[in-house]
Amino acid sequence: MTAARPRLRRFHAGREDAPILICLPHAGGSATAYLALSRRLSPEVEVWGVQYSGRQDRHAEPAHVAMDDLVEALLPEVRTVIDRPYALFGHSMGAAVAYELALRLTAERDPTPRRLFASGRRAPSCPRAEDVHRRSDDGLLAHVAALGGIRPELLAEPDVRAMVLPALRGDYTLIETYRAVPGQALGCPVTALIGDRDPLVSRDEARAWERHTMAGFELEVFAGTHFFLNDHTPALAHIVADRLIAPRGARRVP
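Residues numbered from 1 in each chain as written. Predicted model: local features only at pLDDT ≥ 70, side-chain atom pairs only at ≥ 80, totals over all residues. Heavy atoms only, no water.

## Concerning the pairing of strand β4 (residues 86–91)
Here is step 1: When you tally the buried positions in β4, you get six out of six residues, the bulk of the element.
Here is step 2: Of the two faces of β4, both are covered, the one formed by Tyr86, Leu88 and Gly90 as well as the one formed by Ala87, Phe89 and His91.
Here is step 3: Examined bridge by bridge, strand β2 (residues 20–24) and β4 share five bridges and lie parallel to one another. Bridged to Cys23 within β4 is Phe89.
Here is step 4: Examined bridge by bridge, β4 and strand β5 (residues 116–119) share four bridges and lie parallel to one another. Residue pairing for β5: Leu88 is matched across the bridge by Leu116.
Here is step 5: Crossover handedness for the path β4 to helix α3 (residues 93–107) to β5: right-handed. (Buried < 20%, exposed > 50% of the residue type's maximum accessible area, 1.4 Å probe, protein only. Helix = DSSP H or I, 4+ residues; strand = E, 2+ residues; numbered from the N terminus. Pairing = 2+ DSSP bridges. Right-handed = clockwise from strand over helix to strand, strands pointing away.)

Now the structure itself:
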């Protein structure tokens with residue numbers, strides 16, 4: 001049987017002492033979602049993108065539908081690259097995965113991340129009742145297209161639909177059934193990042209990430225909707241580099 005391909009993908013090598021940024025994609029997303037950010041940060045920060053099961057070269061594997069199972073699958077590989085200072089960056093579903101991954105690493109006495117960047121995701125203490133994962137194929141794809149997660153013209157291609165639907169439905173099942181354990185807080189600062197017109201997270205829901213850290217919090221707001229980060233790569237790279245290369249005390253949102 002062919003060995004499983006690595007889940008962590010490095011697009012550009014960093015300096016020998018460069019901090020590590022492990023990036024977790026949105027629902028339906030892949031490691032390549034962070035290619036542009038990697039290009040901007042290299043070689044001062046070494047970016048590793050996570051490739052979830054069920055997409056691209058891992059399309060033959062079923063997507064994980066439970067948060068605990070996904071975190072368990074990621075842990076062994078993450079541990080191989082955190083031999084120097086590191087941070088976690090997650091967008092949308094990926095922010096929740098990054099949070100749970102950080103909790104698990106800390107609980108098992110692995111090195112604590114220097115920071116969690118939670119992008120486009122409300123805090124774990126702000127769940128919403130959602131049922132996108134139960135919708136028809138057309139309904140699921142229409143939801144993703146409305147958010148800007150896939151170009152509408154691609155949805156007319158049967159091969160594209162067949163390729164993306166299993167991973168999308170699996171990811172939406174995972175994130176819509178996920179509920180955080182109350183009262184858990186990280187030992188690292190949290191930087192929340194949102195678009196000012198994101199229908200999936202309000203400013204108050206983003207500020208609620210402050211409840212999930214004992215080490216400082218800040219909120220950065222960008223112009224844009226759910227996938228605002230695609231239009232602000234230089235600014236995002238600046239924020240990440242500023243926090244990781246020359247760390248300073250986390251700023252509290254006024």
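## Let's talk about the pairing of β5
Here is step 1: Neither face of β5 is exposed, since Leu116 and Ala118 on one face and Phe117 and Ser119 on the opposite face are all buried.
Here is step 2: Pairing geometry for β5 and strand β6 (residues 190–195), over four bridges, is parallel. Counted as the bridge partner of Ala118 is Ala192 from β6.

## Details of the sheet that holds strand β7 (residues 217–222)
Here is step 1: Here seven strands make up an open sheet; going across it, the order is β1-β3-β2-β4-β5-β6-β7 and the pairing mixed. Two strands close off the open sheet at either side, each with one partner strand: β1 (8–10) and β7. In this sheet, adjacent strand axes meet at a mean angle of 20° when their direction is disregarded. (Axes fitted to C-alpha atoms, helices over the stretch in contact; angles between N-to-C directions.)

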